[in-house]
Each structure stands twice: as C-alpha cells, then as structure tokens.
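Take a look at the letters that make up each chain.
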Amino acid sequence: MLSNVMSDRLLAVLPDALRAQALRRLAVHEPVLRKLLAGLYGQQADFDAWLGALMASLGELYAARPAPLRELDAQREAQPEWFLSQRMLGYCAYVQNFGGTLNGVAERIPYLREMGVSYLHLLPFLRAREGENDGGFAVSDFDDVEPALGSNADLVALTTRLREAGISLCSDFILNHVADDHAWALAAKAGDEQARAMFLCYPDREMPDRYERTLGQVFPQVAPGNFTPALGGWVWSTFYPYQWDLNYANPAVFSAMAATLLRLANRGIEVFRLDSTAFLWKREGTNSMNQPEAHQILQALRAIVDIVAPGVLLKAEAIVPTRELPAYLGSADARECHIAYHSSLMAAGWLALSEQGTGVLREVIRNTPTLPPSATWLSYVRCHDDIGWNVLRAEAAADGSDATARLARASRFFAGAEGSYAAGAAFQSTDPNAAHGSNGSAASLAGLERADSEAARALALRRLQLLHGLALSFGALPVLYMGDELAMENDYSYRHRPQHAMDSRWLQRPLFDQARWRARDDAGDSAGQMYQSLLRMVRLRRQHDALAANAPRTLLDDAPDAVLALARGERFVTLMNFSGEPQAYALQGRWTDCMDGSILDGALTLAPYAMHWLERGATA
Ligand code: OTU
C-alpha cells in the first residue's frame, strides 16, 4: 500500500527512539497529507517516487530536530491551545531598525519582557537580493541570514535566548516568490530547464494577456502588471518585477519549500508568517487569489508540520476580503493555518475613526465567524504595510453606500485632507477617487504629529489607545508594531533614499527611537503616556480569561453608532467611543470599571475616544 510506503520512507531514516512518536503522528496526519498531495500532484508520472523522496527528506529533518525543540513539540502537542491565552502578546519589528543586528535584538529581550511580549515577529532577515529588495521580501537564499544582520549561528543563539525568555520567534516565510537572484532564478537564466520549471514563464504575451484580463494589481503605480520580461519571455511576478512567483503546480517547488521551512524550524523559529498565501495558485479567468489549491498547499504544509514539528505555528498573511479569511484557518476536519491576520478588523478600526461611526466595524465583526479549536485571529493596529482599504468593500457597501467613494474618503482623510488630524500618505493611487491603501505610523495617523495643542495631543493619544484597546480586547493574538508603543511618528527619510522613495510604506518603518524609549516612564511625555497606558491594558488583559482569544465574543447592538460595544463571555464588556463627542450608554446592572476600579450603575457617558473595560458585579 502506498500509505505504508510513505510512512516507511520517513521511518527508515529515524533513530529508534523517535519511532513510536512518529508512528503516532503519522497515523493521524499521513492519510491527510497523502490525500492532499495526490489531489495536487497525483497526475504526475513520477508521483510515487516524488512522494517517497519527500517523505525521506521529512524523516531526515525529523531526525535532525534538536532535542529542546522536540521537547517543545511534545509540550504543545499536549496543550494545543497554548497560543490562545490572554497572556500572549506579540511584537513586530525590523531587525535593522530595532536592534541593528540579530545580536542587537537579543539585547532588547529585557524590554520585550517588560512589555509582556511572548511572541516576536522579526521582519525578513534572510539573505535578500542586492539593491532593491522590498524590505527583504525578495529572498535570494532561505538558508542564510542576511550578512548585514548576522549569521546562522546568531539566529540559533537568538532563538535559544528568546525561548529561554518565554518568547517564540516568528519569521516570514516568503513562499509565493523568490528574488530574481535566488539560485533557481540564476540557474533558469543560465538555461537550466528544471530551474525554469520552478517559475511560471511564457514565451510570448498570449497567456499573460489572457491572465491579465482578470488579475488585480498589488502595486499598480510602481509595479504595474503581473508579468516581467525575463528568461526569453514573460515571468509571472505578482509584486515587484524582481520577485518571481513560484510555480506550485510543479511538485518540486512544493517539496523544496516544505523542506526549507523545516530547516528554518530546526534553527528554532517557532512561528512562520506565510507571506502572500492568497496568491499561491493561478487560474485563468480568476484573480488567481484564494484558489482551492492554495488552501490544499497550506493544508499539506500543516500536515507536514504536524508530523515533523508540531510545536511550530503557521500564520497566514492573506490580505483578502473578510469572507475569504476564515478558510485560511481551516475547519475541525481540515487543519490549515493556526493564525491569520484579521486585516478587515484592522482597517475597519481606522475607518471607524475617520467616520466617527462603527457601521463597517460592526459589519466586519458580524462577518467574523467563530473559529475551529486551536486557531485564532491576529489583531493589530499597524504593520509594515499599508492599511489596505479594498478588503472592506463588501462591508462598506452593506448599508447601501458607494464603497469606492467611502473608502476613497478614508484614504484622503488619512492623507491629511482638509479637516483631518492625520498625517499620512495615500498608497499606490494618484486618483483621489480610488481607494487603495494608506501609509503612516499609527501615532501620525491618529493625529499626534499635527497636534498643535495639549488638547489635540491628548485626543491623538486616546485614539491610539483606543485602537490598541480594540486589538487587545477583541479576542485574538494581538501584535504590537515597533514604535507604536512609544507613539513614534512618521519617518520621512525614505524620500531621500532613491530605492525607497516611491514606496511610502517606509513612512512606518523608522529606526527605534532611543529618546522615546528612555522617556517611557515619563508621564509628562507622549511616549511615556502611550507606553504606560498600553502596559496597563496589557496587564489588565492578562488577568481576564474573558479576553482570551477563544473566549466567546458578542456584538451588542444597543450602543449608539459611534460606540462599539463588545461582550466577552457573560461577565465582561468593552465599550469604545470612536467619535470626538461624548456618548451615552445604558448599562444593565452593576459593573466595575477594570481600568480604575470605579463602580458603575445605570448610565455611562463615554468621553471622546474613551474606552472602558467593564466586569459585571462590584469586585473592587
Ligand atoms: C506582503 O504583503 C508583505 O507584507 C509585503 O511587505 C510585501 O511587499 C509583499 O507581500 C510581497 O512579498 O498582498 O497578501 O498592499 O498588503 O503587498 C500579501 C501591500 C500582500 C501588502 C501586500 C502584501
């Protein structure tokens, strides 16, 4: 039977001590893996041989897994909901901005601990293309750390120190594309047919033109179109022309990338942010996003991780409409990723601020289903990318509004239009009537940069706290973006760097500000005010099981339009005022305000942009 052959190939390379464990995992996950791979690649002539070789390579990576990581695997297998706790907190940073190098990042562990961080996402740190490389998202070698940032030994040292500090390292795994100077691309340029088959290349414009009829564009201004002239024809490149999409219809791509992921896992990376997952499979006549095969590829990767490294988490980065998101978290009987970015929630929070109303935000929450066990959303306020408005098209139209006009209004608002407090930039659209994305640091978008009075500064900080409060209380794994905890403002220096000048996402990619960091305890400084209030929320959150990612969430519809009222479980309510006007909310029964211990009975008036976390009963 094929099934036994598969397991045997893996078991053959394992030491005796690991056999029983492997057999147990194979019994559960091997049939799933086999079915998925047969569905994707079963038509290939040499499928059985390919599958056998894949299993043997998985066996070798299993055998090579360091003992401390195997222990972690065992612990997490026994406690698969470990990452849903309200004690989990993420932090995201560029290595070069936060610590200079991987070793420099290790020096910041005490700061991460001070915040209660248990999950650190370091943006791309593997060897990237020389010259322009999309902030490291054009990888030339997945098996080597970018020399300017350190070495593979530094990476292992960092993951070890982080693990000892109770912090899981998350790394990007950019599996949709590689740089045009990756070994495969270089070999393809030199005429190697097998290497060429790792990419999607077409001899002339016929197929590209047919695909383009229904494809979207991620960077319409700086990288129009989805194909690049190369290899004597046209190569599929969804993002920048130097990022070549991989051909996942070729099983060699799948097996090579699966092994690559496991090699990184064996260096101690515990979470993989699977970049651009929506784009993995192309289909003519569609936008080539969210295709069933893309999900099958992710499910197959999950089965592999469940067999070889079950302590590892997969996180989907799919910036897609809300209705397409849940599929990335799989279902009870089809496991996919453990975590997925809730980009609709993030964008809707900002939209609610600009509209001073929660209509779209509520619609997003209504469209957010309960998840299968051991899966969670990732909540965030800002990240290294733009706030993409298009994911909200359905929700923005739900009340009969013109979605395009509505989202374009938000985009203008955050670019600092007349009457706006924000300092940001519209991303990738010169047309003021179209919406694409908005860039800027959270603090600048919330009004801090342009605040010209104490009162304006206080309001900006409240907006910043409000959005962080939403991320912390929604029921998700919240991830802070470096600098936001200190209310860092826009960095305009990118305009002077020719390779970055056309990409305003660099506004929100500043160097870590030491001065603000030193002021983090100073109640008279905006950095200190933001930092201290954030820490209060983080600490409070840790005390309430009701704020765990998997605790039930109910949208309360009795709040005024400007107020978001979310119940968490039976005894916890969070109230958030997204407007600059006071708002009244009628409470039923007696509640304790967790922030200050006061007892509330009956009506509550929320100050502009105020947030309250209330617990039923009088516990103070
Ligand atoms: C991801 O993002 C990364 O986060 C970006 O930094 C990279 O440039 C990009 O992939 C290519 O590697 O569509 O779902 O609109 O949201 O580029 C994945 C900007 C993506 C990002 C988009 C993106």
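Residues numbered from 1 in each chain as written. Predicted model: local features only at pLDDT ≥ 70, side-chain atom pairs only at ≥ 80, totals over all residues. Heavy atoms only, no water.

1. What about the domain arrangement of the protein?
So, step 1. Domain parsing of the protein yields domain 1 (177-245) and domain 2 (553-616).
So, step 2. For domain 1 versus domain 2, the distance between C-alpha centres works out to 52 Å. (Domains from an automatic or database assignment.)

2. Examining the site of the ligand
So, step 1. Among the 17 residues in the neighbourhood of the ligand, the closest are listed as Asp134, Arg273, Asp275, Glu317 and Asp385.
So, step 2. Ser276 has a polar side-chain atom sitting 3.1 Å from an oxygen atom of the ligand.
So, step 3. Within the side chain of His384, a nitrogen or oxygen atom sits 2.9 Å from an oxygen atom of the ligand.
So, step 4. Considered on its own, the ligand offers 500 Å² of accessible surface; in the complex 95% of this is hidden by protein.
So, step 5. Among the residues forming the shell around the ligand, the class breakdown is six nonpolar, four polar and seven charged. (Near = heavy atom within 4 Å. Polar contact = N/O pair within 3.5 Å; in protein donor to acceptor, adjacent residues only side chain to side chain. Areas by Shrake-Rupley, 256 points an atom, 1.4 Å probe, with all protein chains shown as cover. Nonpolar A, V, L, I, M, F, W, Y, C, P; charged D, E, K, R; others polar.)

3. Examining the environment of Asp134
So, step 1. Inspection of the secondary structure assignment puts Asp134 in the loop between strand 3 (126-128) and strand 4 (139-145).
So, step 2. Since its relative accessible area comes to 10%, Asp134 is described here as buried.
So, step 3. As for Asp134 and Asp491, which are separated by 357 residues in sequence, their C-alpha atoms are 17 Å apart.
So, step 4. Look past the residues within four positions of Asp134 in its chain and what remains in contact with it is Tyr240, Tyr242, Gln243 and Arg505. (Helix = DSSP H or I, 4+ residues; strand = E, 2+ residues; numbered from the N terminus. Buried < 20%, exposed > 50% of the residue type's maximum accessible area, 1.4 Å probe, protein only. Contact = heavy atoms within 4.5 Å.)

4. Structural notes on helix 3 (residues 47-63)
So, step 1. Between its terminal C-alpha atoms helix 3 stretches 24 Å, which fits the 24 Å expected from 17 residues at 1.5 Å a residue.
So, step 2. The set of residues buried in helix 3 consists of Phe47, Trp50, Leu51, Gly52, Leu54, Met55, Ala56, Leu58, Gly59, Leu61 and Tyr62. (Expected span 1.5 Å × (residues − 1).)

5. Details of the pattern of salt bridges
So, step 1. Tallying each qualifying case throughout the model produces 35 salt bridges.
So, step 2. A salt bridge links Asp306 to Arg302; its shortest N-O distance comes to 3.2 Å. Residue Asp306 and its partner Arg302 are both found in helix 13 (residues 292-308); the two are separated by four residues, about one turn of the helix.
So, step 3. A network of salt bridges, in which partner residues are shared, links Asp134, Asp385, Asp503, Arg505 and Arg509. (Salt bridge = Lys/Arg side-chain N within 4 Å of Asp/Glu carboxyl O.)

6. Digging into the nonpolar core
So, step 1. Residues Tyr91, Phe125, Phe254, Trp350 and Trp389 are the most contacted members of the largest nonpolar core, which totals 200 residues.
So, step 2. Looking at this core, the element that brings in the most residues is helix 13, giving 10 residues.
So, step 3. The residues that make up this core include at least three from each of domain 1 (177-245) and domain 2 (553-616).
So, step 4. In contact with Trp389, other than residues within four places in its own chain, are Ala347, Trp350, Leu351, Leu407, Ala410, Ser411, Phe414, Ala435, His436, Gly437 and Ser438. (Core = buried A, V, L, I, M, F, W, Y, C linked by side-chain atoms within 4.5 Å.)

7. Here we look at the sheet that holds strand 23 (residues 599-606)
So, step 1. Overall, antiparallel pairing links the six strands, which are arranged 19-20-21-24-22-23 in an open sheet. What marks the edges here is a single partner per strand, and that holds for strand 19 (553-555) and strand 23. Along the sheet, successive strands turn relative to each other by an average axial angle of 25°, direction set aside.
So, step 2. Pairing of strand 19 with strand 20 (residues 563-568) involves three bridges; the strand directions are antiparallel. Note on strand 20: the bridge partner recorded for Arg553 is Arg568.
So, step 3. The strands touched by helix 19 (residues 454-473) are strand 20, strand 21 (572-577) and strand 24 (611-616); relative to strand 24, the strand with the most contacts, the crossing angle is about 35°. (Pairing = 2+ DSSP bridges. Axes fitted to C-alpha atoms, helices over the stretch in contact; angles between N-to-C directions.)

8. Looking at the side chain of Ser374
So, step 1. In this fold, Ser374 is placed in the loop between helix 15 (359-366) and strand 14 (376-380).
So, step 2. Of the polar contacts made by the side chain of Ser374, one reaches the backbone oxygen of Pro80; its length is 3.5 Å.
So, step 3. What Ser374 contacts, discounting residues up to four positions off in sequence, is Pro80, Glu81, Phe83, Leu84 and His338.

9. Let's talk about the packing of helix 12 (residues 251-265) against helix 13
So, step 1. In the contact formed by helix 12 and helix 13, the axes pass within 11 Å of each other and the chain directions differ by 40°. Of the possible angle classes, the one that applies to helix 12 and helix 13 is oblique. Once helix 12 is placed against helix 13, the crossing between them reads as right-handed. Between helix 12, through Phe254, Ala258, Leu261 and Leu262, and helix 13, the contact on the second element is made entirely by Ile297, Ala300, Leu301, Ile304, Val305 and Val308.
So, step 2. In terms of residue class, the contact of helix 12 with helix 13 is made up of 10 nonpolar, no polar and no charged. (Parallel < 35°, antiparallel > 145°, perpendicular 65-115°, else oblique. Left-handed = near helix turned anticlockwise from the far one by under 90°.)

10. Thoughts on the sheet that holds strand 16 (residues 425-427)
So, step 1. Here we have three strands laid out as an open sheet, ordered 15-17-16, and antiparallel in their pairing. The open sheet has two free edges, formed respectively by strand 15 (387-388) and strand 16, since each of these has just one partner strand.
So, step 2. Two elements, strand 16 and strand 17 (residues 437-439), share three bridges in a ladder whose sense is antiparallel. Following the sheet pairing, Ala425 is matched in strand 17 by Asn439.

11. Comments concerning the state of the cysteines
Cysteine pairs can be covalently joined through their sulfur atoms, and such a bond is termed a disulfide.
So, step 1. Counting across every chain of the model gives zero disulfides.
So, step 2. We note that Cys337 lacks a disulfide partner, and the nearest cysteine sulfur, in Cys170, lies 12 Å from it.
So, step 3. Overall, Cys337 belongs to the buried group, its relative accessible area being 1%. (Disulfide = S-S within 2.5 Å.)

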